[in-house]
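Letter by letter, the chains look like this.
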Number of protein chains: 2
Amino acid sequence: MTKENNEKVRVFALGGVGEIGKNMYVVEVDEDILVIDAGLMFPDDDMLGVDIVIPDVSYLVENEDRVKAIILTHGHEDHIGGLSYVLKKINVPVFATKLTLGLVEEKLKEAGILKDVTLNLVDHNSILTIGSTAVSFFRTNHSIPDSVGICVETTQGSIVHTGDFKFDQTPVDGKHAEIGKMATIGQNGVLCLLSDSTNAERPGTTKSETEVGQGIAEVFDQAEGRIIVTTFASNVHRIQQVLQAAVTTKRKVAVVGRSMLKVVKIAAKLGYLDIPKGLIIEVEDVNTYRDEQVAILTTGSQGEPMSALTRMVKGAHRQITIKVTDTIIIAASAIPGNEKSVSAIIDKLHRIGAEVVYGQAKVHASGHGSQDELKLMLNLMRPTYFVPIHGEYRMQHAHKELAMTVGMNADNIFLVDKGEVVEFVNGQARVAGKVPSGHVLIDGLGVGDVGNIVLRDRRLLSKDGILVVVVTLNKKTGEFISGPNIISRGFVYVRESEKLLDDANELVTSILTKCVSENVNEWASLKSNVREGLSRFLFEKTKRRPMILPIIMEV
Amino acid sequence: MTKENNEKVRVFALGGVGEIGKNMYVVEVDEDILVIDAGLMFPDDDMLGVDIVIPDVSYLVENEDRVKAIILTHGHEDHIGGLSYVLKKINVPVFATKLTLGLVEEKLKEAGILKDVTLNLVDHNSILTIGSTAVSFFRTNHSIPDSVGICVETTQGSIVHTGDFKFDQTPVDGKHAEIGKMATIGQNGVLCLLSDSTNAERPGTTKSETEVGQGIAEVFDQAEGRIIVTTFASNVHRIQQVLQAAVTTKRKVAVVGRSMLKVVKIAAKLGYLDIPKGLIIEVEDVNTYRDEQVAILTTGSQGEPMSALTRMVKGAHRQITIKVTDTIIIAASAIPGNEKSVSAIIDKLHRIGAEVVYGQAKVHASGHGSQDELKLMLNLMRPTYFVPIHGEYRMQHAHKELAMTVGMNADNIFLVDKGEVVEFVNGQARVAGKVPSGHVLIDGLGVGDVGNIVLRDRRLLSKDGILVVVVTLNKKTGEFISGPNIISRGFVYVRESEKLLDDANELVTSILTKCVSENVNEWASLKSNVREGLSRFLFEKTKRRPMILPIIMEV
């Protein structure tokens, strides 16, 4: 009993709070560290040139010997996309359900580390002991099959992580969320609940995926030409419903786009997608069928410039070009930040004259539960403490307010930042400091070599371009021999601004001449004189502030 | 009669179709050119460093002697923001209603051209002859007072431009849209209607501004600390309702932010804002009142980084800092592209712990009519031809579909691009070519000196930064004397990438040595050899493609 009473449980997020993306949560039970999810995030607009963002895992690296497992809730990129980067730093066994594991395997294979990693298959009924901690699962509904919530046992009660969830009363695969099991977990005593806040601002209940299928089926019924459907590649249930609509209307289906092909292959192989024989055709063969016999399932629902759909629209796709008789179903919503690119693709489709079906109402449903479902989860789990996760701060905040409407005390709800630790001892919670956390930016092959200074320079460069000023000085006399040469990029049209650049050249010459005559031949001062003088001149003439890079060569 | 039968009417948009912003429409009746509106647009994400965008008016410049007037429908930036730039190119009389003219005067004063321009005051009852063309007006409801539609008479029937409109059955100022007049215009025969497509995708009817006032009043009733309201500065009706709520709840009002102060001043002076004596206090005096006696009306509803609200949130505003007891009302929706910055400000307010009221439901209503109102306009005007304007292409398209539901023939509806001319002769319309049109980008003082090449360079620079490679050659022998020096900005952290840059330096040296030994001492080839070799090397090592700028100095 004494030992039990001293048990220390710590819960924190390394990613996923105060943001949408790169979910990574940590549950520590005494010495055991269990990591839940390892996601990526797509960069904000101001992270110029950055490809993806992953959590800072330096805490896990420092405590590698204590990290017993990474347990995955489901196979979305914001939950598994950072895994290969994390596993290169710490070698830890991974636990996941079948489809999630299938997607992870592909990812690790691409990263060349599959053989170095221990992957463990679990299902929603698994009960494991990891380190000395018991872990169990419960099935949820989400926009990818095989999603689970996680229950970590402690002597103070369980720590429950919902994963991403909704309660779909008519799930496409007939597999309901395990409400009974959740209620039992609740009855056994939940010390702390970590629950998905994505739709905490949305009243009511999220639409069933089955209704989306009906919407898609209606469009299939009415279309007379080809049908082109784009959705998130990972939405296997929706893909299944598209295939079903194709079967019903006697269409063949071509699958286009790298990620769509990958997910369809893996989901079919693992039994999550039922594909009738002869239904799928090669994209090369589309034109051997009449238009009304064809459906195309493609990537590009976010209007991504290089995606298959965008290329079809631009006439840059090798096999498919959008025609006026096509019906395009955009079965997705725009992820925040993508509104303009999605809008642009819809516009372009209209311009071609094709029929476009888009918008939440008919052909898309969120994978995340709305307020009534979040309240149901809280009522099932009846936790002593609550940490809203998975969302921007305002969503966590809205989730807190929901929890208070079902009777929770504000003091028992923690709106945590990344790294902020909630510690439980003897059933009592308190905020106990912070572990290191933050963004690690990945640009090309570089992990973490792009930071604030590089980004600041990129922002400066993007705004008004750069002027490089080169001059060659005589090392001994300090006189300048050649130059100044001014080369600009991203500043003005050189041809239309010859006078401006000539004047700038003259100014730099006079600054340098003055410096030389005053014997200011220390480079740093020379450079700063040039930079300041030229910057002032250009701002006066153009109200722009390009980056100015003086380079002094000595011979 | 013969002359009348030969009358040629041409209608086209120089801006405002296929986009939200920079509205500018042209109606030509034989030799008379009438311009409707002269707006600006805020740059797209890919227009790096650009401040604002205005229409290309080269057609108007070429035909300056025929341009009889610029007539303004209302005082929003996307309708008047380009005016000072246009008037610098062509000197044309401007016609507008009182509030619009007040805002225009301020703008022209700032641009230093007020004294050079002829401004003509009109009201909704004015009937003018401009050139030899009769022009009349009708009052509409919109999110700024004094909005009008325009009716241009031709012998073939009238050309009607709705301006931006909704039908508000309970307008704040009691001034209803002139439905009777619109019906009369319709009965007299409308050749062509140009109508606002902004909300053509939205079913039903747009909420009345009065309901928004009730929502705001409720928040005022309940708040116990200070109330801070942000909305579009030009939404004078809403500002009036905020003032009213302050009066009712016995609060003083401080007005903060340059554009808010400007509009309040102009609107009050011209009688569009009724400000009880003693209601407004200086922002410096806010702290001399108790919190429950204060309301603050501020700019920043789009989360603009330099706006007053953002500065209050960051603690960077001189007089006001957000407190946990404040209630902030964000009485606006995010303009497309601003979703993330609005979301960020809401987040930050929640983090401070303040109460935040936001979202369409309660404290904001659109200024544009929804589908039922657009249909009402079509039914009132009963035009022979219809040109949906003011919107992205998909909104124009949705508006076309609405027109077809009220009985218009698809052949009589023109979904025009910028510059595309619809020509009317003997009551028959046809598309008749294109006039020059496009974006003119304004960056600092430069109008039009930033174009595709400059933007391409900025994009390149923003993605992976730049490497400048400088080398000094002996003019006679072709040998290199100094360098290569490699300076990078926005590429990698130099400190963490010394090895990479050293290797790059070595590579450039070997390329140059090889060139010199092979007598490739023509600069262009030297440069392209360096650029290609280095680019390949860096891509291999980093998967990035920085801009590479080789500079060769001769001494």
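Residues numbered from 1 in each chain as written. Chains lettered and ligands numbered in written order. Predicted model: local features only at pLDDT ≥ 70, side-chain atom pairs only at ≥ 80, totals over all residues. Heavy atoms only, no water.

S.K.: So what exactly am I meant to see when it comes to the domain arrangement of chain A here?
M.R.: By a frequent convention, interface size equals the accessible area lost on bringing the separate parts together. Residues and elements named next belong to chain A. As far as domains go, chain A holds domain 1 (7-204 + 366-447), domain 2 (212-360) and domain 3 (465-554). Computed from C-alpha coordinates alone, the two centres of domain 1 and domain 2 are separated by 31 Å. With 15 residues of domain 1 at the interface, the matching set in domain 2 holds 14 residues. For the pairing of domain 1 and domain 2, the buried interface totals around 1,400 Å² over both sides, and the portion due to carbon and sulfur atoms is 63%. If you sort the residues of domain 1 by the area they bury against domain 2, Leu-99, Pro-145 and Val-172 come out on top, with a joint share of 32%. Taken together, the connections running from domain 1 to domain 2 amount to 1 salt bridge. The partner of Glu-110 in a salt bridge is Lys-262, and the shortest N-O contact between them spans 3.6 Å. Summed over the shared surface of domain 1 and domain 2, the number is 2 residue pairs in polar contact (both at pLDDT 80 or more). In terms of residue class, the side of domain 1 that touches domain 2 is built from 5 nonpolar, 4 polar and 6 charged. (Domains from an automatic or database assignment. Contact = heavy atoms within 4.5 Å. Buried area = accessible area lost by both parts, 1.4 Å probe. Salt bridge = Lys/Arg side-chain N within 4 Å of Asp/Glu carboxyl O. Polar contact = N/O pair within 3.5 Å; in protein donor to acceptor, adjacent residues only side chain to side chain. Nonpolar A, V, L, I, M, F, W, Y, C, P; charged D, E, K, R; others polar.)

S.K.: When you look at the packing of helix H13 (residues 371-381) of chain B against helix H14 (residues 393-405) of chain B in this model, what are you seeing that I'm missing?
M.R.: Residues and elements named next belong to chain B. Look at H13 against H14: their axes get within 10 Å of each other, and the N-to-C directions meet at 60°. Looking at the two axes, H13 sits oblique to H14. The chirality of how H13 crosses H14 is right-handed. Taking contact as the criterion, the partners of Gln-371, Leu-374, Lys-375 and Leu-378 in H13 are, on H14, His-399, Leu-402, Ala-403 and Thr-405. Of the residues that constitute the contact of H13 with H14, the class distribution is 4 nonpolar, 3 polar and 1 charged. (Axes fitted to C-alpha atoms, helices over the stretch in contact; angles between N-to-C directions. Helix = DSSP H or I, 4+ residues; strand = E, 2+ residues; numbered from the N terminus. Parallel < 35°, antiparallel > 145°, perpendicular 65-115°, else oblique. Left-handed = near helix turned anticlockwise from the far one by under 90°.)

S.K.: Looking at this structure, how should I read the interface of chain A and chain B?
M.R.: With 67 residues of chain A at the interface, the matching set in chain B holds 66 residues. Buried surface at the junction of chain A and chain B, summed over both partners, amounts to about 5,500 Å²; 55% is from carbon and sulfur atoms. At the junction of chain A with chain B, the criterion picks out 6 salt bridges. The shortest N-O distance in the salt bridge between Asp-44 of chain A and Lys-340 of chain B comes to 3.1 Å. Run the count over chain A and chain B and you get 24 residue pairs in polar contact (both at pLDDT 80 or more). Listing elements by their share of the side of chain A that touches chain B, those giving two or more residues are helix H11 (339-352), helix H14 (393-405), helix H15 (452-464), strand S24 (466-473), strand S25 (480-489), helix H17 (523-542) and strand S26 (547-554) of chain A.

S.K.: Quick question: what am I supposed to make of the packing of aromatic side chains here?
M.R.: We describe a pair of aromatic rings using the distance from one ring centre to the other and the angle between the two ring planes. Summed over the entire model, instances satisfying the criterion amount to 8 aromatic pairs over all chains. With centroids separated by 6.1 Å and ring planes inclined at 40°, the aromatic side chains of Tyr-385 of chain A and Phe-414 of chain A adopt a geometry described as tilted. Remark: Phe-414 of chain A occurs in the loop between H14 and strand S20 (420-425) and Tyr-385 of chain A occurs in strand S19 (residues 385-389); sequence separation between them is 29 residues. Judged on exposure class, the residue Tyr-385 of chain A and its partner Phe-414 of chain A are both buried. With a centroid separation of 5.6 Å and 70° between ring planes, the pair formed by Phe-165 of chain B and Phe-167 of chain B is classed as edge-to-face. By the burial criterion, Phe-165 of chain B is buried, and Phe-167 of chain B matches it. What links up through ring pairs into an aromatic cluster is the set Tyr-385, Phe-414 and Phe-424 of chain A. (Phe/Tyr/Trp six-rings, centres within 6.5 Å; stacked < 30°, edge-to-face > 60°. Buried < 20%, exposed > 50% of the residue type's maximum accessible area, 1.4 Å probe, protein only.)

S.K.: Before we go on, may I ask you to explain the sheet that holds strand S10 (residues 148-152) of chain A in this structure?
M.R.: Remark on secondary structure: sheet strands pair via backbone hydrogen bonds, oriented parallel or antiparallel. Residues and elements named next belong to chain A. Reading across the sheet, the 6 strands line up as S8-S9-S10-S11-S12-S19 and stay open at both edges, with mixed pairing between neighbours. Across the chains shown, the open sheet's two edge strands, defined by having one partner strand only, are strand S8 (127-130) and S19. Neighbour-to-neighbour, the strand axes of this sheet turn through a mean angle of 20°, independent of strand direction. For strand S9 (residues 133-139) and S10, the ladder comprises 5 bridges, and the chain directions are antiparallel. (Pairing = 2+ DSSP bridges.)

S.K.: Help me understand the sheet that holds strand S22 (residues 439-443) of chain B in this model?
M.R.: Residue and element names in this part refer to chain B. Spatial ordering of the open sheet is given by S4-S22-S23, a layout of 3 strands whose pairing is antiparallel. Each edge of the sheet is formed by a strand with only one pairing partner; in this case those strands are strand S4 (52-55) and strand S23 (446-447). Pairing analysis gives 4 bridges linking S4 to S22, with the strands arranged antiparallel. Bridging from a neighbouring strand, Ile-54 pairs with Val-440 of S22.

S.K.: What's the story with the UniProt feature "binding site: substrate" (unreviewed entry) in chain A in this structure? I'm lost.
M.R.: All names here are of chain A. In this numbering, the UniProt entry assigns the feature "binding site: substrate" (unreviewed entry) to Ala-233, Ser-234, Asn-235, His-364, Ala-365, Ser-366, Gly-367 and His-368. Considering the arrangement of structural elements, one finds Ala-365 in the loop between helix H12 (360-363) and helix H13 (371-381). With residues up to four places along the chain from it excluded, the contact list for Ala-365 reads Lys-166, Lys-207, Ser-208, Glu-209, Val-212 and Arg-238. Note that Ser-366 resides in the loop between H12 and H13. With relative accessibility at 11%, the residue Ser-366 sits in the buried group. When residues no more than four places from it in sequence are discounted, the contact partners of Ser-366 are Lys-166, Asn-199, Arg-202 and Thr-206. (UniProt positions renumbered as here; feature names shortened; annotations may be inferred.)

S.K.: Even after reading the chapter, I still don't get the relation of the copies chain A and chain B, so can you show me in this structure?
M.R.: Applying a rotation about an axis and a shift along it to one chain copy brings it onto the other copy. After a rotation of 180° and a shift along the axis of 0.1 Å, chain A superposes on chain B with an RMSD of 0.1 Å. The two molecules are tied by a two-fold rotation axis, judged by turn and shift. The position closest to the rotation axis in chain A is occupied by the C-alpha of Ser-462 of chain A, lying 2.4 Å away. A shared interface surface links the copies, since 99% of the contact residues of chain A are contact residues in chain B too. (Least-squares fit on C-alpha atoms with pLDDT ≥ 70 in both.)

S.K.: What am I meant to see in helix H9 (residues 258-269) of chain A here?
M.R.: Note: α-helices contain 3.6 residues per turn, so residues at a spacing of three or four share the same orientation. Residues and elements named next belong to chain A. The end-to-end C-alpha distance of H9 is 17 Å, a good match for the 16 Å that 12 residues give at a rise of 1.5 Å each. Among all positions of H9, only Met-260, Val-263, Val-264, Ile-266 and Ala-267 are buried. In the segment just after H9, Gly-271 is the residue with positive phi, at about 85°. (Expected span 1.5 Å × (residues − 1).)

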